[in-house]
Protein chains: 4
Amino acid sequence: MCTALTLKTKDGYNLFGRNMDLSYSFNQAVTLVPRNYEYRDRVTSNMKKTKYAIIGMASVIDDYPAFADAMNEKGLGCAGLNFPGYSYLEDKEVPGKNNLAPYDLIIWILSNFETVDDVLKEIGNIELVAVPINEKTPLPTLHWIVADANGKSIVIEKTKESLKIHENPIGVMTNSPTFDWHLTNLNEYMKTTPIQPEPVKWGEKELRPLGVGLGTNGLPGGCSGVDRFVRIAYLKSTLSETEDLNTGISQFFHMLNNVAMPRGAVKADDLDDITLYTSCMCQQKGIYYYSTYNNNGISAVDMNKEDLDAKEIKRFEYLDKLHITYQN
Amino acid sequence: MCTALTLKTKDGYNLFGRNMDLSYSFNQAVTLVPRNYEYRDRVTSNMKKTKYAIIGMASVIDDYPAFADAMNEKGLGCAGLNFPGYSYLEDKEVPGKNNLAPYDLIIWILSNFETVDDVLKEIGNIELVAVPINEKTPLPTLHWIVADANGKSIVIEKTKESLKIHENPIGVMTNSPTFDWHLTNLNEYMKTTPIQPEPVKWGEKELRPLGVGLGTNGLPGGCSGVDRFVRIAYLKSTLSETEDLNTGISQFFHMLNNVAMPRGAVKADDLDDITLYTSCMCQQKGIYYYSTYNNNGISAVDMNKEDLDAKEIKRFEYLDKLHITYQN
Amino acid sequence: MCTALTLKTKDGYNLFGRNMDLSYSFNQAVTLVPRNYEYRDRVTSNMKKTKYAIIGMASVIDDYPAFADAMNEKGLGCAGLNFPGYSYLEDKEVPGKNNLAPYDLIIWILSNFETVDDVLKEIGNIELVAVPINEKTPLPTLHWIVADANGKSIVIEKTKESLKIHENPIGVMTNSPTFDWHLTNLNEYMKTTPIQPEPVKWGEKELRPLGVGLGTNGLPGGCSGVDRFVRIAYLKSTLSETEDLNTGISQFFHMLNNVAMPRGAVKADDLDDITLYTSCMCQQKGIYYYSTYNNNGISAVDMNKEDLDAKEIKRFEYLDKLHITYQN
Amino acid sequence: MCTALTLKTKDGYNLFGRNMDLSYSFNQAVTLVPRNYEYRDRVTSNMKKTKYAIIGMASVIDDYPAFADAMNEKGLGCAGLNFPGYSYLEDKEVPGKNNLAPYDLIIWILSNFETVDDVLKEIGNIELVAVPINEKTPLPTLHWIVADANGKSIVIEKTKESLKIHENPIGVMTNSPTFDWHLTNLNEYMKTTPIQPEPVKWGEKELRPLGVGLGTNGLPGGCSGVDRFVRIAYLKSTLSETEDLNTGISQFFHMLNNVAMPRGAVKADDLDDITLYTSCMCQQKGIYYYSTYNNNGISAVDMNKEDLDAKEIKRFEYLDKLHITYQN
């Protein structure tokens, strides 16, 4: 499962990224798709061209970049998060709609739009259809968060009932159930606070904090999507902005660490569900920062140091070996 | 507040370290104290000599190395964690006892002993006395975890009632209340499991996990010492050993990240209580690994690359600037 | 706030009732409305006639019986529970609909139908409109549970989005948020069980229950509607049927006691929110059982001992004085 | 398991009682032991005489009244509650001590003392020894609460470490672990309040209570002794006094209902653990009030209507059949 986050810095940067919680690798690496890259739309079999260059974490299947999370050169970002038990796809194309396969949604959004408002104008015309990438690859069960360089974000959820676009007033997201359920659930934790409560008396017994942090008691500590949503929303609420870019990047990883999956905590079908990687994109600078489970340090790829008009997809080595700075 | 952890690797290494959660810096840096280093015992004013070399995180006050956590060349480690509301010191020296000031305990243990069993033979003779380092420095309110290279650990707690030595059956520790209270409290969370529960029916409604991780629901998610103890004990219980040293180091930081304090989550007297640094010592190799709040990457100092018979204390730069590995 | 419950007995009875949690009295008493009683519909100003006799807890305002919960002679029951922040009423009559005022819903349902299936055939044609009983009485913010003598129950919720009819697979209900939110929330508590868990080891520490009941740890214990829904659903799930009628009545009150509001626990606008009364209707026998906050004992009124073709509403004394059976 | 409670009324009465949570009956009934009643002390085999008359819930085994909870004519009350895993008894008599069998403790205290202060003077001289009532009856694993007519109460706990007398600053008690553990645990719930919290903003999302009672969110809702202690202590803390005796009695049962065991919630060795009975003693009036699982109404026996100088124990029928007040 996964957790997505957005964060501003006081010097004008927007950060967007996520934890990818999974029990297996999907051949992921930082991947740059240049402008005017042609890919075959799986539903219509037509070739489509990307208008904007895109950088993100992806596997490449038959020349097709399947992004898990990415941003384009205009700073628009999008991530797909697991949505099991709720995700629904139409069996066949709906006439009059822009029919998309689910893995096509990220590339379609990022190759065409600059802001969330741009997306909102067109998103009503799409439909999501059950067409797989190829015969070996099962259909994903996803919902998506889209966040732009102005700090605005939305959530796209296709369930059996409808395709819903939710404004995202907190800029975080996890997994099932639906986004509006999570938002309602936050009300239950409204007493959470960074401030120590004052001592009170219960009968003749004075109650006082045994140490700092008592204001946060009551937060749920499990690894499920419901618990992670509450925690990341709380952390976001107490720190909506950081001083500057470096402070922001560091803070972004600290916040996602709080909702990450340490190996051993959770099993999915007998495999350890771990935070495979954590990403953090600077939407103004076009830099993709990431750490991996085996490499706690942060690596980065700057899209603006590359030729955005290249012909081919470029893949960057997935740095998953522990990096240590030895001081002697 | 703080969290301490021990962890084994299958290839024979023992790791010991901690989160230092604090709202201010204490001029800390990795510090190496050589063999036969002389320091003035604050209670008796006598000079004492270290038998073993020691590496750890310390501030140095008037040539005196005040360690927060450290290990010696034999792999014995010790860390002091805050114990507010419970810590108690004798007003004056107790005749017939080895009277120690609280900040002297770590250096006394690490400069004299090789294993926890060695410590146990002598610890009954000590007493802790309220003598400060100097007039400007308030007395700390601490309890201590001692862990050796065999994986054995104990907790030392001096309260108004008594000086107690607890065997540590899990190898973790946080803050107040007393260690035995925390151990009892774990029973309340015995249902926590990495395994997904099977669906059940409540009336005609089938209940099923909304995603992975439901077995961990019920874990407390606050930042207080009680909540952190439960979480780190759970994580330790599901993964008592890791494959090899590098995997172990990475895992150690992941586990402590789960109980770390992201900026904003908790205030202590109007200041953010954050995880100032995280340490991880390889007790066989004598290497001190650490990350800091501003530098998520791991830095390291190897004591065996230094002259352990040097005359002076050696301090290593505290690497607190964000390190990023740029791939282009 | 309130909690509603349904329960079967093995000898063929169905029980339906509720806790009425309120910080003030509303002149309530057990009230019998005979067949063919005429009342003025507030929306249309037309006179309407009851087909079936109805017994329940009501205040009578201008000859109009405002029921909080009731059943008719066919065993169909209905209760209104507070639904603040979600309840929505149309500003004016919707053409082509059977427009009802919210307090009219219970009497309309119970005076016309025998079973939930009967209700379902007609409920699609109604609309709820914002017309008060009189100028002094504010509009209620309610949702409703309807339960028949076959044990089938539904929930009726009118929000800004729509009028929704939910099948009720557990036969319980509380307050806000919407019923489907509560059902989803139950998944989070699927580990709750009456069975003691087996001891487990965390490290060298064996965890075992400190006493019976550990399987229920993790249940939320607050007085809010969310917490009460989880608890009453759990209790219902472990005991869907009782031996016989008397056992069932006793059990019904025990279950609702678990989610009742003891004085002092909760304030609403400076007043104590208490469980004003608890009702339990035997849907086969037409007997209305109830206890009150000041009288823990159970009182009862049997509708079949009255003339159901009487001309007037009959009110029964509200027995709110502590009844004690002295044995000497 | 069990829960004990004390409560004052503003017109000068003290109430003391308990829930008896058990999966079987123990032939209990309200039992009056007169003054100067002789019983054989099981440890010494000497005959002892009661100084004060005692009323309480007891089984009678071989003419010996084994009280679960009781008070004497001076208003001193005592109850034994299960203390599994902690209760410890000496193997044999300790010389120089007043050696008592565990079931003898209640009758010894109530037949000799008037107040808690009286008990405190003598309790230091006792020792608890492992002598059963007879060969068929296993030794109980108990700790005790003693409460007098002045509202003072203590807890007596014999563990392997020591016999401890705890002042009881809240006047409540449940089961394992030790009383001081529970008191420390209360600090974790110090944010609980009857007052609704004010709305707060998390990002752009305003959080507000979905209904009354949100101040109590975070209370633990399980049936274990730890959860029950927190809930009953909270309820006691918000309502330390009631208006008058009748209000107090009603309130006393409401408070204990909140921590009672409804059938089905908890299994102990395949049997339902239920609240067999709830008792409430008026310590000034000498009246023993009780309800049973099958009879939700309150029954009462007044010791002052009996001959306290009688020769024999008097037993009163255990009213366990549902009492209903029919109004027609």
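Residues numbered from 1 in each chain as written. Chains lettered and ligands numbered in written order. Predicted model: local features only at pLDDT ≥ 70, side-chain atom pairs only at ≥ 80, totals over all residues. Heavy atoms only, no water.

## Re the sheet that holds strand β7 (residues 64-72) of chain B
Residue and element names in this part refer to chain B. The line we're drawing: Only strands joined by at least two bridges in the DSSP assignment are considered to pair. For helices the rule is a DSSP run of H or I covering at least 4 residues; for strands it is a run of E covering at least 2, with both sets numbered from the N terminus onward. By definition in these notes, contact holds between two residues if any of their heavy atoms fall within 4.5 Å. Only the stretch in contact is used when fitting a helix axis, every axis being a line fitted to C-alpha atoms; angles between N-to-C directions are given from 0 to 180 degrees.
Strand order across the open sheet formed by eight strands is β13-β12-β11-β8-β7-β6-β3-β23, with antiparallel pairing between neighbours. Each having just a single partner strand, β13 (163-167) and β23 (314-315) make up the two edges of the open sheet. Direction of pairing for strand β12 (residues 153-158) relative to β13: antiparallel, over a ladder of five bridges. The residue bridging I154 from the neighbouring strand is E167, located in β13. The strands touched by helix α2 (residues 116-123) are β11 (142-147), β12 and β13; relative to β12, the strand with the most contacts, the crossing angle is about 25 degrees. Contacting β12 and β13, helix α3 (residues 179-186) runs over the sheet at an angle of about 35 degrees to β13.

## Observations concerning the nonpolar core
As a reminder, the rule being used: In this text, buried Ala, Val, Leu, Ile, Met, Phe, Trp, Tyr and Cys residues form a nonpolar core when linked through side-chain atoms within 4.5 Å. Each residue is placed in one exposure class: buried if its accessible area under a 1.4 Å probe, protein chains only, is under 20% of its type's maximum, exposed if it is over 50%, and partly exposed if it falls in between.
Residues B:L186, B:I249, B:Y277 and B:Y289 are the most contacted members of the largest nonpolar core, which totals 76 residues. When near neighbours in sequence (up to four residues on either side) are disregarded, B:L186 contacts B:I170, B:F229, B:V230, B:A233, C:W202 and C:L207. One finds A:L207, D:A79, D:L256 and D:Y288 within the second-largest nonpolar core, a separate group that totals 75 residues.

## Points about the UniProt feature "domain: Choloylglycine hydrolase/NAAA C-terminal" (unreviewed entry) in chain A
Counted only if it meets this: UniProt positions are given in the numbering used here, feature names are shortened, and annotations may be inferred rather than shown by experiment.
When the UniProt feature table is mapped to this numbering, "domain: Choloylglycine hydrolase/NAAA C-terminal" (unreviewed entry) covers residues 2-314 of chain A. A helix fraction of 17% and a strand fraction of 35% characterise residues 2-314 of chain A, whose end C-alpha atoms lie 26 Å from each other.

## As for the relation of the copies chain B and chain D
Inclusion rule: Here the copies were fitted onto each other by least squares, based on C-alpha atoms from residues at pLDDT of at least 70 in both.
Its rotation angle being 180 degrees, the transformation that places chain B on chain D also includes 0.0 Å of axial translation and leaves an RMSD of 0.0 Å. Taken together, the rotation angle and the small translation identify this as a two-fold axis. Scanning chain B for the C-alpha nearest the rotation axis identifies B:W181, at a separation of 3.3 Å.

## What to know about the confidence of the model for chain A
Any residue range with low pLDDT should be treated as having predicted coordinates unsuitable for detailed reading. What counts here: What pLDDT expresses is the predictor's confidence in each residue, scored from 0 to 100.
In this model, chain A carries a mean pLDDT of 96, and residues with pLDDT of at least 70 account for 100%. For this predicted complex, the interface confidence score (ipTM) comes to 0.97, while the overall pTM stands at 0.97.

## Structural notes on the interface of chain C and chain D
Put simply, the rule is: Every case where a carboxyl oxygen of Asp or Glu lies within 4 Å of a side-chain nitrogen of Lys or Arg is listed as a salt bridge. Whenever a nitrogen or oxygen atom comes within 3.5 Å of another N or O atom, the pair is scored as a polar contact, on the condition that within protein one atom can donate a hydrogen and the other can accept it, and that pairs from neighbouring residues in sequence are kept only if both atoms are in side chains.
With 72 residues of chain C at the contact, the number on the chain D side is 72 residues. Across the contact surface, chain C and chain D share zero salt bridges. Connecting chain C to chain D are 37 residue pairs in polar contact (both at pLDDT 80 or more). The dominant element in the side of chain C that touches chain D, judged by the number of residues it contributes, is helix α5 (residues 245-258) of chain C, at nine residues. In this sheet, strand β24 (residues 324-326) of chain D lies alongside strand β22 (residues 298-302) of chain C in parallel orientation, the contact comprising three bridges. Within β24(D), the residue paired with C:I298 across the bridge is D:I324.

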